[in-house]
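# Commentary on secondary and tertiary structure
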Amino acid sequence: MDKIKKLLNNEKQIIEGLIVSFIGAWALASIIRGAAKKIADIQFVAQSNFVLNILLIVLFGILIGMIYYKSDSAARLLMFASVYLFLILLAVTGNEHDWSTINKNHIGNVCFQGVLCFFAVLTFLYVKEDIFRLFRFLEIDRKKAGILLAMIGICLFTFVGMITVYRYLTYSNATFDFGIFAQMYEYMKHTGTMNTTVERNTLLSHWAVHFSPIYYIALPIYFIFSSPITVQLIQAAMVALPVIPLLLLCRHYKMSHWMSVAVVLLYAFYPATAGGTFYDIHENCFLTFFILLAIYAIEKEKNILTIFSVLMVFLVKEDAAIYIMALGAYLLFSRRNKKQGILLIVASAAYFVLAATVVNSYGLGIMDSKFSNLFFSQDGNLLQIIRTVISNPGYVLTQIVSNDDAMKMDKIEFLIIMLVPMAGGLFSTGKKYSRYILLFPFLLINLLTAYPYLHDVCFQYYFGSIALFMYVIIMNLSEMKVEKGKTIIIASVICAMIMFISSIYPKMDYYAAKYHENKETYKILNQAMDMIPDGASVCASGFFVPHLSDHLEMYDQNHLTEVKLTEYLVVDERVSEREKFNDVLDTGKYEMIYHEDNLVSIYHRK
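The following refers to the structure shown. What you see is a predicted model; the values in this text were computed from it and never measured.

## Observations regarding the overall build of the protein chain
Tallying secondary structure elements over the protein chain gives 28 helices and seven strands in all. Whereas a compact globule of 606 residues would reach a radius of gyration of roughly 25 Å, the protein chain reaches 28 Å, a difference of no more than 12%. By its C-alpha atoms, the protein chain is 105 × 65 × 50 Å across when sized along the principal axes. Taking the contacts inside the protein chain whose residues are at least 6 apart along the sequence as the reference set, 72% of them involve residues at least 24 apart. Split by element, the accessible area of the protein chain, about 28000 Å² in all, is 64% carbon and sulfur. Between the mean site of the 49 positive side-chain charges and the mean site of the 48 negative ones, the protein chain shows a separation of 14 Å.

Right under this line is the structure:
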């Protein structure tokens, strides 16, 4: 009778022990049996040994049950680790899965990531007190936190650097847009100008497209290490450097060391952080660091640093002014610093007019055509966009969920990736609604347009929004009760890691494997590119342009509308581009001097 009473008194612990043991054992058994790799194979059920499966679950269940008897906290943590590992493995498989064909869902992978995040967070919420106790036990001081954050920054730099360098080594980037900036840095080195001949296939300053003097700050590095690889590593450095102002902001808001580490981890694992580099260097990569630096300077009332960092943001691109304008509007309407807010708004407006004038004076004008869905006539412009926003707000709101292709659902996919890891921290502002002003650039630049690349996580158009997202999250977390803040940031990191593993990390495996499996091919191509003498004029196929970027007179044959007689022609035989050279070869003025089947042909002008 006493034993029965004792069992009844411990009913809750017994039930929990059984549940924890079963779930943990189920996850471990699924991992060992390779179930995570079989998400497309219903026959895996019929082909597997069900008795063995049950036996594994029972054995692991007994093991976890014994651990639970000794330490319920350790058993719960083991259960969470097992479930989370299984979800991570599912995320890896999800990236390789043919969602469109098998599941009839063109955004199935990101939807699957959302499902995995839900179960990961659900499991975390059950064991969060155990995780909190673990972190209290593993308390770190300021120095150790700094070391951890430096390691995160170095790992982020290495990851982005390796992927983007592999893209170059495997001839995976082309004229648009890496070839433009690789050649532009050669012009900057030799002439001091931001000229290129490949952006519009004529000698033209990049200022005719964007006002981006920010590139000059990296020119000293390029002088020392003159290579397209250097250009890629400049971008990797600018993506990793925001770790510094993020740490400074966390300390300013008196966050604990572990909270600071978690905030930086969220930034590092956030899919958009590394994803924005996958189309190679763009001026936007400078935005995150300098916006965060400007925010820190404003918070600490460091006027000189504020002026410097705001100026650096302006020098990134003409539309970078919108981020500073949003920051100024926040300072004004939150009443934190009305005078400074007004100054930032006025300075942003004045700068935009100045930068637009510079771009217009060079000939091509600002790229407002990316918002052509807001034009009401074919000759639309910025003024038409403003009129549309004011006169037909309902139409404007429909554009937030309008996709470029009805089958792709690209904006919905983009919103899931961008918001799932961030939502908990972003939308916990309480009654401080003025903070939502900082989300306005994301709405305007990334969601109101029909231009598909502006809402694609693998392009570069949201680096400024990331900075403002992180600022809002830091402010919100700092004002929460400690337990709520820890819950939200850990849940956010958990989601970011799943989405990173599923959609971002596989890029590393892809490009690394591509390089190592085809080393001899790239060796032959490199030797072919070296055959072109220094200073010679060249017309080349698009994927060869970055590797010939040290030639100041070079053109992308794919985009020439007239015959241009350069000294050399370099034809990419890996793809069907030979017909692009037919007109110039038909002149009879060229002879073949090198050919490798299915790789490359080189012609010299007679």
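## As for the environment of Gly 108
Structurally, Gly 108 is set in helix α7 (residues 108–137). Residue Gly 108 is classed as buried on the basis of its relative accessible area, which comes to 3%. C-alpha of Gly 108 to C-alpha of His 97: the two residues are eleven residues apart in sequence and 9.0 Å apart in space.

## Some thoughts on the pairing of strand β6 (residues 590–596)
Both β6 and strand β7 (residues 600–605) contribute to a ladder of six bridges, which runs antiparallel. In the strand pairing of β7, Met 592 is matched with Tyr 603. Hairpin connection between β6 and β7: a loop of three residues separates the two successive antiparallel strands, and Asn 598 in this loop has a positive phi of roughly 60 degrees.

## Observations concerning the sheet that holds β7
Taken together, the five strands give an open sheet; going across it, the order is β4-β3-β5-β7-β6, and neighbouring strands pair in mixed fashion. Every interior strand has two partners, whereas the edge strands, β4 (554–556) and β6, have only one. In this sheet, neighbouring strand axes are inclined to one another by 20 degrees on average, regardless of whether the strands run parallel or antiparallel. Helix-sheet contacts for helix α27 (residues 519–530) involve β5 (568–572), β6 and β7, and the interaxial angle to β7 is about 5 degrees.

## Description of the pattern of salt bridges
Where side chains of opposite charge bring their charged atoms close, a pairing between them can arise. Per the stated rule, a full pass over the model turns up twelve salt bridges. In this structure, Arg 76 and Asp 72 form a salt bridge, with 3.5 Å as the shortest nitrogen-oxygen distance. With Arg 76 and Asp 72 both in helix α5 (residues 72–96) and four residues apart, the pair spans about one turn of that helix. Given a relative accessible area of 34%, Asp 72 falls into the partly exposed group. Among the ionic pairs, Arg 167 bridges to Asp 280, the shortest N-O distance being 2.9 Å. Here Arg 167, found in helix α8 (residues 142–169), pairs with Asp 280, found in the loop between α14 (271–275) and α15 (287–299); they are 113 residues apart in sequence, far enough to count as distant. Residue classification places Asp 280 among the buried residues on the basis of a relative accessible area of 2%. Shared partners join several salt bridges into a network, and the residues in it are Glu 16, Asp 72, Arg 76, Asp 130 and Arg 133.

## Digging into the packing of aromatic side chains
According to the stated counting rule, one finds 33 aromatic pairs in the structure shown. A centroid spacing of 5.2 Å and a plane angle of 50 degrees characterise the contact between Phe 159 and Phe 500, whose relative ring orientation is tilted. Taken together, the residues Phe 159 in helix α8 and Phe 500 in helix α25 (residues 482–503) connect sequence positions 341 residues apart. Across this residue pair, the class does not change: Phe 159 and Phe 500 are buried. Measuring from centroid to centroid gives 6.5 Å for Tyr 451 and Tyr 461, while their planes differ by 80 degrees, and the two rings are edge-to-face. Here the residue Tyr 451 occupies a position in the loop between α23 (440–447) and α24 (463–479), and Tyr 461 occupies one in the loop between α23 and α24, the gap between them amounting to ten residues. If you follow Lys 486 out to its NZ or CZ, it ends over the ring of Phe 132, 4.4 Å from the centre.

## Digging into unusual backbone geometry
The residue after Phe 176, namely Asp 177, is reached through a cis peptide bond having omega 10 degrees. Inspection of the secondary structure puts Asp 177 in helix α9 (residues 175–191). The backbone of Lys 104 sits at a positive phi, close to 55 degrees, despite the residue not being glycine. Mapping Lys 104 onto the fold places it in the loop between α6 (99–102) and α7. The class for Lys 104 is exposed, based on a relative accessible area of 66%. A positive phi angle, close to 60 degrees, is found at Lys 254, a residue other than glycine. Within the secondary structure, Lys 254 is located in the loop between α12 (243–252) and α13 (257–269).

## Examining helix α21 (residues 410–419)
Looking only at α21, the buried set comprises Asp 410, Lys 411, Phe 414, Leu 415, Ile 417 and Met 418. Viewed along the axis of α21, the buried residues span an arc of 170 degrees, placing them on a single side of the element. On its buried face, α21 is in contact with α7, α14, α23, α24 and α25.

## With respect to the state of the cysteines
Under the counting rule described, the total for this entry stands at zero disulfides. Here Cys 495 stays free of any disulfide, with the sulfur of Cys 117 as its closest cysteine sulfur at 3.9 Å.

## Comments concerning the environment of Ala 326
Within the fold, Ala 326 resides in helix α17 (residues 321–333). Ala 326 gets classed as buried once you look at its relative accessible area, which sits at 6%. Leaving out residues up to four positions away in the same chain, Ala 326 has contacts with Ile 437, Leu 438 and Pro 441.

## Looking at the packing of α15 against α24
Between two packed helices, what matters for the description is the angle formed by their axes and the separation of those axes. The contact between α15 and α24 brings their axes to 7 Å, and the two run at 35 degrees. Of the two elements, α15 crosses α24, and the hand of that crossing is right-handed. Here α15 contributes Leu 287, Thr 288, Ile 291, Leu 292, Ile 295 and Glu 299 to the contact with α24, which in turn contributes Phe 463, Gly 464, Ile 466, Ala 467, Leu 468 and Tyr 471. When the residues that make up the contact of α15 with α24 are grouped by side-chain class, the tally is nine nonpolar, two polar and one charged.

## Focus: the packing of α12 against α13
One way to put it is that α12 packs onto α13 with a least axis distance of 9 Å and a crossing angle of 145 degrees. Crossing hand, α12 versus α13: right-handed. Here Val 243, Leu 246, Leu 247 and Cys 250 of α12 come into contact with α13, specifically with Ser 260, Val 263, Val 264 and Tyr 267. The class makeup of the residues in the contact of α12 with α13 is seven nonpolar, one polar and no charged.

## Quick notes on helix α4 (residues 50–70)
Helix length check: α4 (21 residues) gives 30 Å between terminal C-alpha atoms against 30 Å at 1.5 Å per residue, within 8%. Within the span of α4, buried status applies to Asn 53, Leu 56, Ile 57, Phe 60, Gly 61, Ile 64 and Tyr 68. Projected down its long axis, α4 carries its buried residues within an arc of 130 degrees, all on one side. Exposed residues pointing more than 90 degrees away from the buried face of α4 are listed as Val 51, Met 66, Tyr 69 and Lys 70. Those residues of α4 that are buried are in contact with α2 (11–32) and α5. Structurally, the start of α4 carries an N-cap: the backbone nitrogen of Val 51 is 3.1 Å from a side-chain oxygen of Asn 49.

Definitions and limits used
Residues numbered from 1 in each chain as written. Predicted model: local features only at pLDDT ≥ 70, side-chain atom pairs only at ≥ 80, totals over all residues. Heavy atoms only, no water. Helix = DSSP H or I, 4+ residues; strand = E, 2+ residues; numbered from the N terminus. Rg over C-alpha atoms; globule rule 2.2 N^0.38 Å. Contact = heavy atoms within 4.5 Å. Areas by Shrake-Rupley, 256 points an atom, 1.4 Å probe, with all protein chains shown as cover. Lys, Arg positive; Asp, Glu negative; His and termini not counted. Charge placed at Lys NZ, Arg CZ, Asp CG, Glu CD. Buried < 20%, exposed > 50% of the residue type's maximum accessible area, 1.4 Å probe, protein only. Pairing = 2+ DSSP bridges. Axes fitted to C-alpha atoms, helices over the stretch in contact; angles between N-to-C directions. Salt bridge = Lys/Arg side-chain N within 4 Å of Asp/Glu carboxyl O. Phe/Tyr/Trp six-rings, centres within 6.5 Å; stacked < 30°, edge-to-face > 60°. Lys NZ or Arg CZ within 6 Å of the ring centre and 35° of its normal. Arc of directions from axis to C-beta. Disulfide = S-S within 2.5 Å. Left-handed = near helix turned anticlockwise from the far one by under 90°. Nonpolar A, V, L, I, M, F, W, Y, C, P; charged D, E, K, R; others polar. Expected span 1.5 Å × (residues − 1). Polar contact = N/O pair within 3.5 Å; in protein donor to acceptor, adjacent residues only side chain to side chain.

Nothing here speaks to function; it is all geometry.
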